[in-house]
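Per-entry structural report
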Amino acid sequence: MATDHAPPPVEAPARLLLPQVLPALLVGVGASLLFLGISALAEKFQHVLWNDLPDALGIGNHSALWTIIMLTATGIAVGLVVWKAPGHAGPDPASEGLGGAPLAPGVVPGLLLASTLALAGGVSLGPENPIIAANIALAYWLGRRAAPSVPGAAWVALASAATVGALFGTPVAAALLLSEALVGRPGRGSLWDRLFAPLVAAGAGAMTTELLAEPSFDVGLPPLADPGFGDLLAALVIASAAALFGLVSCFLFPHLHAAFRRLRHPMVMLPLGGLVLGLLGALGGKETLFKGLEQTKELTASIGAWSSGELAKFAVLKLLALLVAASCGFRGGRIFPAVFIGASFGLLAQALVPEVHPAVAVSSAVLGVLLATTRQGWISLFTGAALAASPAMLALLCLASLPAWLIVTGRPQLELDHEGKALR
């Protein structure tokens, strides 16, 4: 039957997607350069604080005394930034996950300075949350001025994807994270249409990082060539046990956060938090300091050299350090220290049961801890598989994630709402 109104013409997808390529490339390269710049600055400052300065003073660079002094001083320095910087270096990090609403651009310098000081000073937090927040703020602010017709959410998605790609050195991590975030959200076009520009940004960010820094999550674990039923059983048990261990932090988090909030002022909360971190670092040694990725590589490079008691100590103290750092107001992310916690837990399981393959033990434990602390299923799977650098591990981890997810779903998260209550 004829109609009076013809359907509106549908624009070809390519005509919609191609104009997004150039902005995505620019955001991707810019996000990676910011990440690499902050990382390089933090590493140079770390070398000064933990090598040059103690050598000049004739003090052991990782002695208990120097660890306590440095972490307390870092708390004082970050406390000053949070107190005096515009916007107080961003909102309370306990209530912020990966991404979020764009911050005002004036907040970004304070946020980056606080994060750099924490990274260099040995605080048990990673760079991911502040770098993603800073890139979102800058991309949103610049993008809305350069192209006001482009929705603000598009700039947020580009910056998030670009930074995740830069952090992990591959756009795959960004694709997994975004596909999880886009489920159930209304949007035009297919999932791959909506992922097109963010994947361009993630690819540009990853390639920039690869060309300039060659990042790698490969921690040198021996490859698993021929997995069997015993490996599957070990993966199921270790991932579930690690998820339970990670959940301990989620239950403790709101109580510890509330205790620090009662102190009210950042020049009380952060120096006290730094002192506690210094005491934990003095107990745990240099392995339990900093964001944790290099320390994870040190652990896995010496499999069998650590006793089960030492590995248990590393896992517990790093978990406590992550809790304190996230509760008292240090700016930083939780993925990198959670990887160290998982690796320590996995190597503990392998030390107790030597028949378990190291790659199975470490990857499964990292998967479990990340599921508990982040609730990001795809990122947890990707990180566990990337650590093993073994395709055979992927099927085991997919199966191991199922009981681990049943343990963590619906339980408190390592993130709070703005009232200080645990998210579920």
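That block above? That's the structure.
We now turn to the structure provided with this report. (Residues numbered from 1 in each chain as written. Predicted model: local features only at pLDDT ≥ 70, side-chain atom pairs only at ≥ 80, totals over all residues. Heavy atoms only, no water.)

What to know about the nonpolar core
What counts is decided by this rule: To qualify as a nonpolar core, a set must consist of buried Ala, Val, Leu, Ile, Met, Phe, Trp, Tyr and Cys residues joined through side-chain atoms within 4.5 Å. Here the term buried applies to any residue with accessible area under 20% of the maximum for its type, exposed to any over 50%, and partly exposed to those in between, with areas from a 1.4 Å probe on protein chains only. A run of H or I in DSSP becomes a helix once it reaches four residues, and a run of E becomes a strand once it reaches two; helices and strands are each numbered from the N terminus. In this description, contact between two residues means that some pair of their heavy atoms is separated by no more than 4.5 Å.
If you look at the biggest cluster of nonpolar residues, it comprises 127 residues, and the most contacted ones within it are Trp 50, Val 123, Leu 277 and Phe 330. In terms of residues, this core owes the most to one element, helix H12 (residues 308-328), which gives 12 residues. In contact with Val 123, not counting residues within four places along its chain, are Leu 71, Thr 74, Ala 118, Leu 277, Phe 290, Lys 291, Ala 325 and Phe 330.

Observations regarding the pattern of salt bridges
Definition in use: Criterion for a salt bridge: a side-chain nitrogen of Lys or Arg within 4 Å of a carboxyl oxygen of Asp or Glu.
A complete count under the given rule lists two salt bridges for this structure. A salt bridge links Asp 92 to Arg 261, with the nearest nitrogen and oxygen atoms 3.9 Å apart. Here Arg 261 lies in helix H9 (residues 229-261) and Asp 92 lies in the loop between helix H3 (64-84) and helix H4 (108-121), a separation of 169 residues in the sequence. As a salt-bridge pair, Glu 294 and Lys 297 come within 3.8 Å of each other at their nearest N and O atoms. Of this pair, Glu 294 and Lys 297 both sit in helix H11 (residues 293-300), three residues apart, which is roughly one turn of the helix.

Observations concerning the environment of Leu 176
Among the secondary structure elements, Leu 176 is positioned in helix H7 (residues 171-182). Expressed as a C-alpha distance, the spacing of Leu 176 and Ala 161, which sit 15 residues apart in the sequence, is 9.8 Å. When neighbours within four sequence positions are excluded, Leu 176 is seen to be in contact with Trp 378 and Phe 382.

Observations regarding the environment of Ala 24
Assignment of secondary structure puts Ala 24 in helix H2 (residues 21-57). As a C-alpha pair, Ala 24 and Ala 162 span 138 residues in sequence and 8.3 Å in three-dimensional space. Those residues within four positions of Ala 24 in sequence are excluded, and the remaining contacts are Leu 158, Ala 197, Val 200 and Ala 201.

Some remarks on a nonpolar patch on the surface
Where we set the bar: Patch definition: residues above 30% relative accessible area lacking any salt bridge, with like charges linked at up to 9 Å and the nonpolar side chains Val, Leu, Ile, Met, Phe, Trp and Tyr linked at up to 5 Å. Every accessible area reported is derived by Shrake-Rupley at a probe size of 1.4 Å, with residue values counting cover from the shown protein chains alone.
Taken together, the side chains of Val 29, Leu 33, Met 207, Leu 211 and Leu 212 define a hydrophobic patch exposed on the protein surface, amounting to about 500 Å² of accessible area. Of all the elements in the fold, those that place two or more residues in the nonpolar patch are H2 and helix H8 (191-212). With three residues, the top contributor of residues to the nonpolar patch is H8. Judged by its relative accessible area of 45%, Leu 33 is partly exposed.

Let's talk about the state of the cysteines
This is how the line gets drawn: Pairs of cysteine sulfur atoms within 2.5 Å are identified as disulfides in what follows.
Applying the stated criterion across every chain yields a total of zero disulfides. With no disulfide of its own, Cys 250 lies closest to Cys 328 among cysteine sulfurs, the gap being 18 Å. On the basis of relative accessible area, Cys 250 is assigned to the buried category, the value being 0%.

Some details on empty space enclosed by the protein
Applicable threshold: Method remark: on a 1 Å grid restricted to protein atoms, a set of points is classed as a cavity if a 1.4 Å probe fits but cannot get out and as a pocket if it is open with protein on both sides within 12 Å along at least five of seven lines; lining residues have an atom within 4 Å of a point. Grid points are joined across faces, edges and corners, and a volume is the space filled by probe spheres set on the points. Three classes are used, and their members are as follows: Ala, Val, Leu, Ile, Met, Phe, Trp, Tyr, Cys and Pro are nonpolar, Asp, Glu, Lys and Arg are charged, and the others, Gly among them, are polar.
Scanning the entire structure with this criterion turns up three cavities of 30 Å³ or more. Space inside the largest cavity adds up to approximately 190 Å³. Around the largest cavity, the lining is made up of 17 residues, and of these Pro 91, Glu 96, Leu 111, Asn 129 and Ala 133 lie nearest the centre. Sorting elements by how many residues they give to the lining of the largest cavity places helix H5 (residues 128-146) first, with four residues. For the lining of the largest cavity, the per-class residue count stands at nine nonpolar, six polar and two charged. One number sums up the size of the second largest cavity: a volume of about 50 Å³. What lines the second largest cavity is simply Leu 71, Gly 122, Ser 124, Leu 277, Leu 280, Gly 281, Thr 288, Leu 289, Leu 317 and Ala 321. Elements that contribute at least two residues to the lining of the second largest cavity include exactly helix H10 (266-284) and H12. Counting residues per element, the lining of the second largest cavity draws most heavily on H10, at three residues.

Side note on the side chain of Ser 380
Applicable threshold: Between N or O atoms, a polar contact is any pair within 3.5 Å; within protein, one atom must be a potential hydrogen donor and the other a potential acceptor, and residues adjacent in sequence are included only when both atoms are from side chains.
Mapped onto the secondary structure, Ser 380 falls in helix H15 (residues 377-388). For Ser 380, a relative accessible area of 1% corresponds to the buried category. A polar contact of 2.7 Å, which involves the side chain of Ser 380, links it to the backbone oxygen of Gln 376. Setting aside residues no more than four positions away along its own chain, Ser 380 makes contact with Leu 367, Leu 370, Leu 371 and Thr 374.

Observations regarding the side chain of Arg 331
Test applied: We count Lys and Arg on the positive side and Asp and Glu on the negative side, and we leave His and both chain ends out.
Checked against the element boundaries, Arg 331 lands in the loop between H12 and helix H13 (335-352). Asp 92 provides the closest opposite charge to the buried, salt-bridge-free Arg 331, at an N-O distance of 5.7 Å. Polar side-chain contacts of Arg 331 include one of 3.0 Å to the backbone oxygen of His 88. For Arg 331, the side chain forms a polar contact with the main-chain oxygen of Gly 329, separated by 2.5 Å. Beyond its immediate stretch of four places on either side in the chain, Arg 331 contacts Val 82, His 88, Ala 89, Gly 90, Pro 91, Pro 93, Leu 111, Ala 114, Ser 115, Ala 118, Leu 125 and Pro 130.

Here's the deal with the packing of aromatic side chains
This is how the line gets drawn: Two rings from Phe, Tyr or Trp (for Trp, the six-membered ring) form a pair when their centres sit within 6.5 Å of each other. Planes less than 30 degrees apart are called stacked, planes more than 60 degrees apart edge-to-face, and all others tilted. Charge-over-ring contacts are defined here by two conditions on Lys NZ or Arg CZ: a distance within 6 Å of the ring centre and an angle within 35 degrees of the ring normal.
For the structure on display, the rule yields five aromatic pairs. Joined through ring pairs, the aromatic side chains of Trp 306, Phe 314 and Phe 340 make up one cluster. One Lys or Arg, Lys 84, reaches over the ring of Trp 83 and ends 4.0 Å from the middle of that ring. Note that Lys 318 overlies the ring of Phe 340, its terminal NZ or CZ placed 5.4 Å from the centroid.

Keep in mind these numbers describe shape, not what the thing actually does.
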